[in-house]
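A closer look at the structure
The chain contents come next:
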Amino acid sequence: MTLIVHNTLARAKEPFEPLDPEHVRLYVCGPTVYDLAHIGNARPVVVFDVLYRLLKRLYPRVTYVRNITDVDDKINARAAETGEPIERITARTTEAFHADMAALGALPPDVEPRATGHIGEMVEMIEKLVADGHAYEADGHVLFHVPSMPDYGRLSRHSREELIAGARVDVAPYKRDPADFVLWKPSAEDLPGWPSPWGRGRPGWHIECSAMSRAYLGEAFDIHGGGADLIFPHHENELAQSVCAHGPPFVRYWMHNGYLVVKGDKMSKSLGNVLTVRELLADAPGEAVRLALLQAHYRAPLEFGRDTLAEAKAGLDRLYRALRDAGAHEPAEPAPAVLEALLDDLNTPAAIAAMHETATALNRAEDADERAALAGSLLGAGALLGLLQADPTAWLHGEGDDAAEIEALVAERVAARRSRDFARADAIRDTLAARGIALEDGPDGTAWRRAG
RNA sequence: GGCGCGGUGGGAGAGUGGCUAUCCAUCGGACUGCAAAUCCGCUUACACCGGUUCGAAUCCGGUCCGCGCCUCCA
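Treat the numbers as computed from the prediction; the structure is a model and nothing was measured.

Turning our eyes to something else, we now look at the environment of Leu26. With respect to the helices, strands and loops of the structure, Leu26 is situated in strand β3 (residues 24–28). Taking relative accessible area as the criterion, Leu26 reaches 0% and is therefore assigned buried. When the C-alpha atoms of Leu26 and Phe48 are compared, they prove to be 9.2 Å apart, with 22 residues separating the residues in sequence. Filtering out sequence-adjacent residues up to four positions away, Leu26 remains in contact with Leu51, Tyr52, Leu55, Thr63, Tyr64, Val65, Leu217 and Ile223.

Next up, the structure:
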């Protein structure tokens, strides 16, 4: 039972061997808090939440760090645009992020450091890079000197020459090398700034993750995750900073999730096709959104269409129906197929398929002990994936304040059927169907659920 | 231009050199007062062209198509 993980560094699956089997350490890049999270932001959160749950099962101790980026030019721009104070924007957005991710069933990380709380560590690290000749001050900025690191580009497989050739941006005049990137930059009076040896300023784009991962996980740790679009430049530069400041290896396994696309295009603000988690949660329960994200393998592109949520909901309904009919049970060991699928580089689609096979076996089984075992197995698999956490009947009944009224109609119909007044029974069923309520007559009574 | 990813049945989506997941939808059967749910079954896919092989959707080469990164971005 070994965990296999795709390592971006090798572009291949590798057996996971923790630096310290007694304590596995995981860092995932968190949000820049300037706007509501969209479904693309949610993908890494949910994917790495499954990894976190799996690691916790496999190892005695796991520390999961996910940062909050609360100093960034996008935040500054938003504040300038709307006039809302920066602290309010970041506080409000952080709160919304927490609420949205909790709705998706994501466990909170063990540590959630904020960039503004670690400026001192960043300055310290930059000083070390300058002292060691990996960075230099120029025109109020401090820049990382890319040629000072011979194997720069190992993660993204971009050579320095290629980067320069492909550069579509103007190279700032103060750069010694076109590939050099900013560690520290000066702040005008009206922008957030902190004192530093190079004057009042703020950190560059990548140094925060280097400083915070070191603060909580040490100079070398096991897994660093994030979206594929972070491979370059963010993670490449982060790796360069950390390795040059503390020496290799920094991170053993880099894991990146694929993009989420909407109708063939990558979701982005400029295309105006952004789906916020909040909007989606208005249309479907959090678990349905979560399942939609886990139904495709994390490295594959995931197309989020109009039907994606409804299909995820339908799949969950099937599992919840099986659980409802099985009665209450405690989570138990998941089916081996579920665990095997997850151990193979987080193959959640295969794990979910195995859950459906468990559900089929449960629906078919008649022996009470067997049914209890299968229901427990299904719940155990759900716990590992962060699914099936709701009460089955409550899930199937859905949201609405008309439950009592529905129950009354159902009871009335049961009475009508008992007296073989099928015309009355069918009329009640039609009434309920018109309200989106489907009935399921079983040997032990009539269940109802909100359909569609 | 450089680097990289992907093309699987009506839809979604795994996977393995030969035994052809799983879910949704459709259709048929069982069950049901009738339905719904459930179970059983049906539909038998792997972009294209070559090659390797007893055998490839799965390995190799090429072609076409779609997408991403190289710029803030999960």
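There is more to say, and it comes next.
It is worth spelling out the nonpolar core at this point. Core analysis: the biggest nonpolar cluster contains 78 residues, and Leu51, Leu55, Met101, Leu385 and Leu388 have the highest contact counts within it. For this core, the leading source of residues is helix α1 (residues 39–58), giving 11 residues. Among the domains, domain 1 (4–261) and domain 2 (304–395) are the pair contributing at least three residues each to this core. Leave out the neighbours within four places in its chain, and Leu55 touches Leu3, Phe16, Val24, Leu26, Val62 and Ile223. With 39 residues, the next largest nonpolar core counts Val71, Leu183, Cys209 and Val243 among its residues.

This paragraph deals with the packing of aromatic side chains. All chains considered together, the criterion is met by 9 aromatic pairs. Members of the aromatic cluster, each reached through a chain of ring pairs, are Tyr27, Phe221, Phe250 and Trp254. For the cation-ring pair, Arg176 lies above Tyr136, with the distance from its terminal atom to the ring centre recorded as 4.0 Å. One residue, Arg299, lies across the ring of Tyr298, its end atom 5.9 Å from the ring centre.

What follows covers helix α10 (residues 308–326). Relative to the 27 Å expected for 19 residues at 1.5 Å per residue, α10 spans 28 Å between its end C-alpha atoms, a close match to the ideal helical length. For α10, the set of buried residues is Thr308, Leu309, Ala312, Gly315, Leu316, Asp317, Leu319, Tyr320, Ala322, Leu323, Arg324 and Ala326. After α10 finishes, the residue Gly327 shows a positive phi value of roughly 85°.

The next point concerns the packing of helix α6 (residues 207–217) against helix α7 (residues 231–246). Where α6 meets α7, the axes come as close as 8 Å, and the angle between the chain directions of the two elements is 50°. With respect to each other, α6 and α7 are oriented oblique. Like other packed secondary-structure pairs, α6 and α7 cross with a definite hand, here right-handed. Contact with α6, carried on its side by Ile207, Cys209, Ser210 and Arg214, involves His234, Glu238, Gln241, Ser242 and His246 of α7 and no other residues of that element. Taken together, the residues that form the contact of α6 with α7 break down as 2 nonpolar, 5 polar and 2 charged.

Pairing of strand β14 (residues 437–442) with strand β15 (residues 445–450) involves 6 bridges; the strand directions are antiparallel. Its bridge partner being in β15, Ala438 is matched across the sheet by Arg449. Between β14 and β15, which pair antiparallel one after the other, the connecting turn spans 2 residues.

Running from N to C, helix α2 (residues 73–82) and helix α3 (residues 86–103) point in directions that differ by 115°, and their axes come no closer than 9 Å. Judged on the interaxial angle alone, α3 and α2 are roughly perpendicular. For the crossing formed where α2 meets α3, the hand is right-handed. Facing Ile75, Asn76, Arg78, Ala79 and Thr82 of α2, the residues of α3 in contact are Ile86, Ile89 and Thr90.

Cut-offs applied
- Residues numbered from 1 in each chain as written.
- Chains lettered and ligands numbered in written order.
- Predicted model: local features only at pLDDT ≥ 70, side-chain atom pairs only at ≥ 80, totals over all residues.
- Heavy atoms only, no water.
- Helix = DSSP H or I, 4+ residues; strand = E, 2+ residues; numbered from the N terminus.
- Buried < 20%, exposed > 50% of the residue type's maximum accessible area, 1.4 Å probe, protein only.
- Contact = heavy atoms within 4.5 Å.
- Core = buried A, V, L, I, M, F, W, Y, C linked by side-chain atoms within 4.5 Å.
- Domains from an automatic or database assignment.
- Phe/Tyr/Trp six-rings, centres within 6.5 Å; stacked < 30°, edge-to-face > 60°.
- Lys NZ or Arg CZ within 6 Å of the ring centre and 35° of its normal.
- Expected span 1.5 Å × (residues − 1).
- Axes fitted to C-alpha atoms, helices over the stretch in contact; angles between N-to-C directions.
- Parallel < 35°, antiparallel > 145°, perpendicular 65-115°, else oblique.
- Left-handed = near helix turned anticlockwise from the far one by under 90°.
- Nonpolar A, V, L, I, M, F, W, Y, C, P; charged D, E, K, R; others polar.
- Pairing = 2+ DSSP bridges.

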